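Structure at a glance
Okay, here's what each chain looks like letter by letter:
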Amino acid sequence: MLRKRPDVREAVAGCASVTVHFDPERTTPGALAAVIERAARRRPPLAEPGRLHRIPVVYDGPDLDAVAETLGLSPAQVVTLHQAPIYRVFLVGFLPGWAYLGPVAEELELPRRATPRAAVPAGSVAIAGRMTGVYPLAAPGGWHLIGRTSIRLFFPDRDPPCLFRAGDRVKFFAAGA
Amino acid sequence: MTAALEVLEPGVLTTVQDLGRPHAVAAGVPPGGAMDRFAHSAANLLVGNDPSAATLECTVVGPRLVATAASLVALTGADLAPTVNGDAIDLWSAIVLAEGDELRFGGRRTGARCYVALAGGVAGDRWLGSRSTYLRAGRGGVEGRALVAGDAIVAAGEPARAADPGRTLAPRLRPRYSGQLHAIRGPHAGRLGSEALAALFGAPFTVTPASDRMAYRLAGPPLDAPGGDVVSFAVVMGAVQLPPGGEPILLMADHQTAGGYPVVATVVSASLPSAAQLAPGDRLTFIDTTFEAAVSMRAAQRAALDSLAG
C-alpha cells in the first residue's frame with residue numbers, strides 16, 4: 001500500500017514497526033505518519049500456517065557457558081529450553097537470509113552483547129531478547145552464539161533468495177558434532 | 001567508440017557500484033551501491049550516462065588501468081592524485097583516454113573513495129536488480145568480487161547523451177568534504193541524558209580499523225548508553241547505532257537491513273558523501289541538525305547534479 005505512493009521510495013517491515021523511505025520534497029513526516037497510522041488500524045489478513053523447517057544444531061557455541069551462567073542455568077538446560085518450542089518466523093531481514101524467530105522461552109531472555117563481535121561465523125545459532133536466529137553468512141553481530149548448523153539459509157541465485165519466509169515455523173533439534 | 005579499460009593493478013579495493021538494490025532490502029539483502037552517491041552520480045553525468053549506470057569505486061589506494069580503446073571517462077570524489085601517462089588530471093571533469101593511455105593514482109590526498117565513470121556505464125553482473133558488488137554474498141559487478149589484475153572493464157552500452165569532453169562540474173558546486181557530518185536526532189535519541197547528547201553532537205570520534213562498506217565503528221568519549229535493546233527494526237544508511245558498550249556505529253551502504261541497538265542519530269543524506277570519504281584513522285563530529293535544514297542541504301546537492309544533467 002505504502003510502496004505505491006509516489007512520495008514513498010521504500011517501506012521495510014520491522015518486527016513491530018515499519019521504516020518508510022520518503023521524498024522530503026513531496027511530503028512531510030507528519031503527513032506520512034497519519035497515513036501509516038490509518039493503515040495500521042486496519043485488520044491484517046490472517047496468516048496461513050507456514051511451512052515447518054527442522055534445523056539440526058550442534059550446541060557448542062562460544063557463548064553457551066556464559067549464557068548459562070548469566071541466566072543461572074546449566075548449559076544443558078539452555079539447550080533444552082532452546083529446542084523445545086516451534087518458533088515462528090517474524091521477519092526476514094538484518095542479513096541476507098537471516099530470520100527473526102521467536103518467541104524464545106522467558107528463561108532465556110538476555111540483552112544483546114554490550115559490544116557486537118566483529119566476525120560471527122556462518123551457521124551460528126544465536127539468541128537475544130526473546131528471539132533466536134541463524135547467521136546465514138559470516139558477519140559482525142551482537143547476539144549470543146549457542147550453537148551452529150550446517151543448513152544453508154541463503155541461496156543468492158534463487159528468487160526469493162531466503163529459505164525462511166515470514167510466517168514459516170522452525171524447530172531446532174540437537175544433532176551430534 | 002566503445003570504452004574499455006584493462007586492470008594492470010587492482011588497488012586495495014576497487015569494485016563495481018551503482019545506486020544499489022533498495023527493493024532487495026525486504027529479503028534482508030543490503031541496499032549496497034556507491035558509498036558516495038553524489039560523486040558516483042556526477043561522474044556518470046559528466047560522461048553522458050544516467051546516474052544509475054555503474055562506476056568503479058576505488059578505495060584509498062587506486063588501481064592502475066590502461067585504455068584498450070579510446071574512452072571517455074570522468075573521475076570524482078576522493079583526490080587520490082590521478083595521472084594519465086604521468087600527467088596530473090582534473091577531478092570532476094570528462095577526459096578522453098586514447099588507446100594505450102595509462103590511468104594511475106599517486107596516493108591519498110583527500111577523501112577515501114574515487115569514482116571512475118566510463119561512457120556507456122561499466123558492465124557487470126546484475127543481481128537482484130543492481131550491478132553493485134556485494135562481497136559478502138559474492139554477487140554483482142565482476143563475479144561478486146573486487147577487481148584483480150587482468151580484468152577487462154567494458155562499457156555496458158551507449159551513453160544516454162552525446163559525449164562532451166571538457167564537461168566539468170563548476171568548482172563552486174563541488175563537495176567540500178569534511179568530517180563535520182550533519183545529523184538529525186534518531187528515533188531513540190530521547191534515551192540519552194543531556195551529557196551524552198552533548199558528547200554525541202560535538203565530541204570528536206575516530207573511525208576505527210573495524211570499518212568497511214557495511215559500517216564504521218567509532219571510538220570517542222564513552223557515551224552513557226541508553227538502557228536496553230529495542231525491538232529489531234529496519235535501519236538506514238547514515239543511522240548511528242549505540243550499543244550498550246557506548247561506542248557508536250555509523251551504518252554505511254552495505255549495512256545490515258535491520259537492527260536492535262538504539263539509533264541515536266541519523267546522518268542526513270547531504271552529509272553521506274562526506275561520511276563516505278572517511279577512512280580508518282580519520283576524525284568526525286556529528287552536527288545537530290534540523291529536518292528542515294537537512295531537506296534544504298539535500299535540495300542544494302540535487303541542484304548541483306541537475307547542472308550536469310542538461
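This text goes with the structure placed above it.
Residues numbered from 1 in each chain as written. Chains lettered and ligands numbered in written order. Predicted model: local features only at pLDDT ≥ 70, side-chain atom pairs only at ≥ 80, totals over all residues. Heavy atoms only, no water.

All names here are of chain A. Packing of helix α2 (residues 64–71) against helix α3 (residues 75–83) leaves a shortest axis separation of 8 Å and a crossing angle of 95°. By the angle class used here, α2 and α3 are roughly perpendicular. Where α2 approaches α3, its residues L64, D65, V67 and A68 are matched on the opposing element by P75, V78 and V79. When the residues that make up the contact of α2 with α3 are grouped by side-chain class, the tally is six nonpolar, no polar and one charged. (Axes fitted to C-alpha atoms, helices over the stretch in contact; angles between N-to-C directions. Helix = DSSP H or I, 4+ residues; strand = E, 2+ residues; numbered from the N terminus. Parallel < 35°, antiparallel > 145°, perpendicular 65-115°, else oblique. Contact = heavy atoms within 4.5 Å. Nonpolar A, V, L, I, M, F, W, Y, C, P; charged D, E, K, R; others polar.)

Further remarks concern helix α4 (residues 291–309) of chain B. The first and last C-alpha atoms of α4 of chain B sit 27 Å apart over 19 residues, in line with the 27 Å expected at 1.5 Å per residue. Where the residues of α4 of chain B are buried, they touch β1 (8–13) of chain A together with α1 (37–46) and β12 (180–185) of chain B. (Expected span 1.5 Å × (residues − 1).)

Now for the interface of chain B and chain A. Taken residue by residue, the interface counts 37 residues in chain B and 42 residues in chain A. The contact between chain B and chain A buries some 3,000 Å² in all, and 58% of this surface belongs to carbon and sulfur atoms. If you look at where chain B meets chain A, you find four salt bridges. Put simply, D157 of chain A and R139 of chain B hold a salt bridge, and the shortest N to O gap is 2.7 Å. Across the chain B-chain A interface, the total number found is 15 residue pairs in polar contact (both at pLDDT 80 or more). Those elements giving two or more residues to the side of chain B that touches chain A turn out to be β15 (233–234), β18 (258–259) and α4 of chain B. Tallied by class, residues from the side of chain B that touches chain A come to 23 nonpolar, eight polar and six charged. (Buried area = accessible area lost by both parts, 1.4 Å probe. Salt bridge = Lys/Arg side-chain N within 4 Å of Asp/Glu carboxyl O. Polar contact = N/O pair within 3.5 Å; in protein donor to acceptor, adjacent residues only side chain to side chain.)

Another point: the sheet that holds strand β4 (residues 64–69) of chain B. What links the strands of a sheet is backbone hydrogen bonding, and the strands pair in either a parallel or an antiparallel sense. All names here are of chain B. Strand order across the open sheet formed by six strands is β7-β6-β9-β4-β1-β11, with antiparallel pairing between neighbours. The two strands at the open ends of the sheet, each matched to only one other strand, are β7 (87–88) and β11 (152–154). Here five bridges tie strand β1 (residues 4–9) to β4, and the two strands are oriented antiparallel to one another. Bridge pairing in β4 links E6 to V66. (Pairing = 2+ DSSP bridges.)

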